[in-house]
Amino acid sequence: MLRIAFLISGTGTNLQYIINKINEKELNCVIKMVISDNPKAIGLTKANLQGIPSYVLDKNTYGENIGDEIIKVIKDKVDLIVLGGFLSILKGEILDIYKNKIINIHPSLIPKFCGKGMYGIKVHEAVLNSGDTITGCTLHFVSPDVDMGTIILQKSLNITGEESPKTLQEKVLKEEHRCLLEGIRLISEGKV
Ligand code: GRF
């Protein structure tokens, strides 16, 4: 059974969606731990309610070295690291040890609207300002170049022109959940 470390920084809607699908037997995986770089992440409560061990590695303490700390927590207990709403940039040895075993869900159709500083509502503001008529989300492997690792899956949706950045974020977030589920399922079945 695929063992997952789930990394968060905030609300944890991606985490909750995957927890639900595992509980509904739609995903044959186990979340061994949740790690947050934000001590105030609401997602930590979601982990605790589900009885999943959680760890806080405060980004203000570890900064760019957070990857080295994550290695210590994970040791050899997981097969896949899922960045689901995780904002710290991973650097260093972790990218080598877990090459093609770290995945990230990003709220745009990479290579558009991604890279350093492009996260959360800022992505959707940029998309709407661009006049694009299509957006979506991307599940990709994490590599040294931020948001530029090999793409696993993308899901797209049309922009009607009626959306605000907030309503667009909500529409894209639903697709992210589905994209993340499908990607983890494919990996758990050895199809990626
Ligand atoms: C989402 O908007 C997603 O694009 C990005 O992190 C944000 C929050 O995710 N990956 P979550 O609700 O904390 O799972």
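Residues numbered from 1 in each chain as written. Predicted model: local features only at pLDDT ≥ 70, side-chain atom pairs only at ≥ 80, totals over all residues. Heavy atoms only, no water.

- By the naming in an unreviewed UniProt entry, the chain is Phosphoribosylglycinamide formyltransferase, taken from Clostridium putrefaciens.
- According to the UniProt record, the Sequence similarities (unreviewed entry) comment for the chain reads "Belongs to the GART family." (UniProt positions renumbered as here; feature names shortened; annotations may be inferred.)

**Brief notes about the UniProt feature "domain: Formyl transferase N-terminal" (unreviewed entry) in the chain**
And then number 1: Mapped onto this structure's residue numbering, the UniProt feature "domain: Formyl transferase N-terminal" (unreviewed entry) falls at residues 3-182.
And then number 2: Within residues 3-182, the helical portion is 36% and the strand portion 23%, while the C-alpha atoms at the span's ends are 16 Å from each other. (Helix = DSSP H or I, 4+ residues; strand = E, 2+ residues; numbered from the N terminus.)

**Comments concerning the pairing of strand E6 (residues 134-141)**
And then number 1: Counted residue by residue, E6 has seven buried out of eight residues, so it is predominantly covered.
And then number 2: Direction of pairing for strand E5 (residues 102-106) relative to E6: antiparallel, over a ladder of four bridges. Each bridged residue has a counterpart across the sheet, and for asparagine 104 the counterpart in E6 is histidine 140.
And then number 3: Note: E6 against strand E7 (residues 151-158), seven bridges, orientation antiparallel. Of the residues in E7, the one forming a bridge with leucine 139 is leucine 153. (Buried < 20%, exposed > 50% of the residue type's maximum accessible area, 1.4 Å probe, protein only. Pairing = 2+ DSSP bridges.)

**Here we look at the side chain of asparagine 38**
And then number 1: Among the secondary structure elements, asparagine 38 is positioned in the loop between strand E2 (29-36) and helix H2 (43-49).
And then number 2: Assessed through its relative accessible area of 19%, asparagine 38 is described here as buried.
And then number 3: From its side chain, asparagine 38 meets the backbone nitrogen of lysine 40 in a polar contact 2.8 Å long.
And then number 4: Filtering out sequence-adjacent residues up to four positions away, asparagine 38 remains in contact with Ser9, Leu44, Val56 and Lys59. (Polar contact = N/O pair within 3.5 Å; in protein donor to acceptor, adjacent residues only side chain to side chain. Contact = heavy atoms within 4.5 Å.)

**Here we look at the sheet that holds E2**
And then number 1: A sheet is described by the order of its strands in space; here seven strands give the open sequence E3-E2-E1-E4-E5-E6-E7, paired in mixed fashion. Edge positions in the open sheet fall to strand E3 (54-56) and E7, since each of these has one partner strand only. For this sheet the average axis-to-axis angle between neighbouring strands, irrespective of direction, equals 20 degrees.
And then number 2: Sheet topology note: the strand E1 (residues 2-8)/E2 ladder contains seven bridges and is parallel. Looking across to E2, one finds that alanine 5 is bridged to methionine 33.
And then number 3: Along the sheet face, helix H1 (residues 13-23) touches E1, E2 and E5 and points at about 160 degrees away from the line of E2.
And then number 4: In the packing of helix H7 (residues 165-188) onto the sheet, contacts are made with E1, E2, strand E4 (80-83), E5, E6 and E7, and the angle to E7 comes to roughly 150 degrees. (Axes fitted to C-alpha atoms, helices over the stretch in contact; angles between N-to-C directions.)

**Comments concerning the nonpolar core**
And then number 1: Phe6, Ile18, Ile31, Ile103 and Ile184 are the most contacted members of the largest nonpolar core, which totals 38 residues.
And then number 2: It is H7 that provides the largest number of residues to this core, a total of seven residues.
And then number 3: Taken domain by domain, this core gets at least three of its residues from each of domain 1 (1-98) and domain 2 (106-192).
And then number 4: Non-local contacts of isoleucine 18, meaning those with residues more than four positions away in its chain, are made with Phe6, Leu27, Ile31, Leu180, Leu181 and Ile184.
And then number 5: Residues Leu7, Leu57, Ile66 and Phe86 belong to the second largest nonpolar core, which totals 20 residues. (Core = buried A, V, L, I, M, F, W, Y, C linked by side-chain atoms within 4.5 Å. Domains from an automatic or database assignment.)

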